[in-house]
Amino acid sequence: MKWDAWGDPALAKELSVEVKALLAAALGVTGAPAPGPSAAEAVLQPSLLTDADLKALAAVVGDAHVSAADADRLPRAGGKSTPDLLRRRSHRPQDAPDAVVLPGTEDEVAALLALCAERRIAVVPFGGGTSVVGGLEPLREGFAAVVSLDLRRFDGLLDLDETSGEAVLGAGLTGPAAEALLAERGFELGHYPQSFRFATIGGFAATRSSGQDSAGYGRFDEMVRGLRVVTPSGVLDLGRAPASAAGPDLRELFLGSEGTLGVITAVRVRVHPVPAAKAYEAWSFPDFTAGAQALRAVEQQGTGPTVIRLSDEAETAINLALTERIGGEPAVSGCLAVTVFEGGAEQVAARQQLTRAALLAAGGSSLGEAPARAWEHGRFNAPYLRDSLLNAGALCETLETATDWRQLPFLRFAVTAALTTALPGALVLCHISHVYPTGASLYFTVVAAMGEDPLAQWAAAKRAAGDAIMANGGTITHHHAVGADHRPWMTDEVGELGVRILRAVKAAVDPAGILNPGKLIP
Ligand SMILES: Cc1cc2nc3c(=O)[nH]c(=O)nc-3n(C[C@H](O)[C@H](O)[C@H](O)COP(=O)(O)OP(=O)(O)OC[C@H]3O[C@@H](n4cnc5c(N)ncnc54)[C@H](O)[C@@H]3O)c2cc1C
């Protein structure tokens, strides 16, 4: 993973001359900003850990698994939001964790937490480093120093129960590594967020991630059957049975806990046999309202697509201009919807037929397979485009929310208005990426000409959008989580009493407050 951009450096793409000309004409993008430092040139604040601290950390995990070197601190300095990337591009001294520690066992995690509590060192659990909400910021919040606790050594398939369809996965496994281990045994998890190639099993659980196949396989939190969590107060092994009436479900406290309540070391997840058949079909709707009504009909009838998503008019047009075309793909106008079906051949055919009937009845026109295959082919590539846009002088960022079907059009209108008021002339694209019988998520992409201070420019737009979300019945986040960036809205989201409950839980499991301070809990 690149330290100052998304993903694999080999996949980075320059914008064409035509696209740059379009950005200038349509958005007033005036030219590329000065390039940021190389990794060797980046200046970090010096580590605040003493030699004695580093020796004590090494005594727990071994010399090879502690580092205060800039080369190790820099890649853990933050996540991959646009503000993170803009900060990485600064020539000024950057903040970073004071050291990186890589425990290999739960006992080492427990010993590290005890040591850090004793020495007043904050701990930021680190998975794949793909947070887009400031979840990995090295905030010290009154502690002497902060370390990044990297889970990458928890990388095994610990158990596969083929009879029950459950697997126990190490928290540090990335999406592809987990799928490869399961595929060797003929199974699949089916969790494909856009950050799939780099994000980890522990990170998915800690942020309540949602993948693109959520219509078929559910959100990641719905796949979780059990969790092992090391807290400063002890180890929890949660989830005894597929369902239970033994009081409130404590797994729910740790799903979405974002490293503030404990370190997740292993996750027991529902898995399924690798699907035997797959079918694709894309659809066109005259407008977003008609498309959204069609998706609602499909979800409320339960016709069973594995993937179903809808782009608005602007996103459909932009994707058409930028997506790599695959054999004979027809041109799309209006709003593009994509459906994918997975499972046994007969079930796939039956579910596709039911879904087709619902989409046709709702005014959709079938575009055949090609645009849906093209979407799948390029589904992990969009983040590279953000880097190219930033390089060219265009500010680009995404945000997301969810609400019920009745409120959805009003929320979409309010967020779009907030963004275009804060960023005059901005292009705002929107899609529905996850559907439920009672509502759906809305995912916005914003592109605007970069001003003198792009961090302040985005902060103002984000504030306006967050306020609009809360005022119009949305949740501050459907799947990106809270981190530092959404924390100002948490009291509105769960209420004063809700915040007091979260604080009480934190006091029970992390009395010294060392775990990821400044995130999630106000
Ligand atoms: C380009 C891009 C696309 C994205 N697309 C999606 C998407 O489609 N769907 C989606 O849901 N999200 C998406 N995200 C957000 C992000 O990928 C998710 O939040 C992901 O679940 C984070 O996993 P990670 O392993 O990278 O965790 P990190 O970024 O390393 O950490 C995220 C948070 O979880 C905590 N944490 C991590 N591991 C553990 C652990 N083992 N125990 C306790 N706490 C832990 C961290 O302290 C931090 O607060 C995207 C992000 C990017 C940059």
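A brief structural summary. None of these values were measured; they are calculated from a predicted model. Residue positions are given per chain, counting from 1 as you read along its sequence in written order. In keeping with the model being predicted, local features are shown solely for residues with a pLDDT of at least 70 and side-chain atom pairs are shown and tallied solely at 80 or more, while totals for entire chains, interfaces and linings include all residues. Note that water and hydrogens are dropped before the side-chain values are worked out from all heavy atoms of the structure.

1. Thoughts on the pairing of strand E12 (residues 277-285)
Heads up, the rule is: Categorising residues by exposure relies on relative accessible area from a 1.4 Å probe, with only protein chains included: less than 20% of the type maximum marks a residue as buried, more than 50% marks it as exposed, and the intermediate range marks it as partly exposed. Each helix is a run of DSSP H or I of at least 4 residues and each strand a run of E of at least 2, with the numbering of both proceeding from the N terminus. One requirement defines pairing of two strands: DSSP has to find at least two bridges between them.
In terms of residue burial, E12 counts as a mostly covered element, since 8 of its 9 residues are buried. As paired strands, E12 and strand E15 (residues 365-368) are joined by 3 bridges and run antiparallel to one another. Counted as the bridge partner of Trp-283 is Ser-366 from E15.

2. Side note on the environment of Val-509
Which entries qualify depends on this criterion: Whether two residues are in contact is decided by their heavy atoms, any of which lying within 4.5 Å being enough.
In this fold, Val-509 is placed in helix H18 (residues 490-509). Given a relative accessible area of 12%, Val-509 falls into the buried group. When the C-alpha positions of Val-509 and Leu-261 are compared, they lie 6.3 Å apart, and in sequence the two are 248 residues distant. Contacts of Val-509, omitting those with residues within four sequence positions, involve Thr-231, Pro-232, Ser-233, Phe-254 and Leu-261.

3. Remarks on the sheet that holds strand E2 (residues 99-101)
Taken in spatial order, the 4 strands of this open sheet run E1-E2-E4-E3, and their pairing is mixed. The open sheet has two edge strands with one neighbour each: strand E1 (66-67) and strand E3 (121-126).

4. A closer look at helix H17 (residues 454-471)
Rule in force here: Multiplying 1.5 Å by the residue count of a helix minus one yields the expected span of that helix. The arc in question is the one spanned by the directions pointing from the helix axis to the C-beta atoms.
Its 18 residues place the ends of H17 26 Å apart at the C-alpha level, agreeing with the 26 Å of an ideal helix rising 1.5 Å per residue. Turning to H17, its buried residues are Pro-454, Gln-457, Trp-458, Ala-461, Lys-462, Ala-465, Gly-466, Ala-468 and Ile-469. In an axial view of H17, the angular spread of the buried residues amounts to 160 degrees, which keeps them on one side of the axis. Close packing links the buried residues of H17 with helix H4 (82-88), strand E16 (394-404), helix H16 (408-422) and strand E19 (439-449). Downstream of H17 by a residue or two, Gly-473 has a phi angle that is positive, lying close to 80 degrees.

5. Considerations on the sheet that holds strand E6 (residues 166-170)
Test applied: To obtain each axis, a line is fitted to C-alpha atoms, and for helices this fit is confined to the stretch in contact; angles are then taken between N-to-C directions over 0 to 180 degrees.
Taken in spatial order, the 5 strands make up an open sheet running E5-E6-E10-E8-E9, and their pairing is antiparallel. Each end of this open sheet is capped by a strand with a single partner; those strands are strand E5 (157-161) and strand E9 (234-238). Going across the sheet, the axis of each strand differs from the next one's by a mean of 10 degrees, ignoring polarity. Bridge analysis of strand E8 (residues 224-231) against E9 gives 5 bridges, and the strand direction is antiparallel. From the neighbouring strand, Val-230 faces E9, where its bridge partner is Val-235. On the sheet, helix H5 (residues 106-119) packs against E8, E9 and strand E10 (263-270) and is oriented at approximately 45 degrees with respect to E8.

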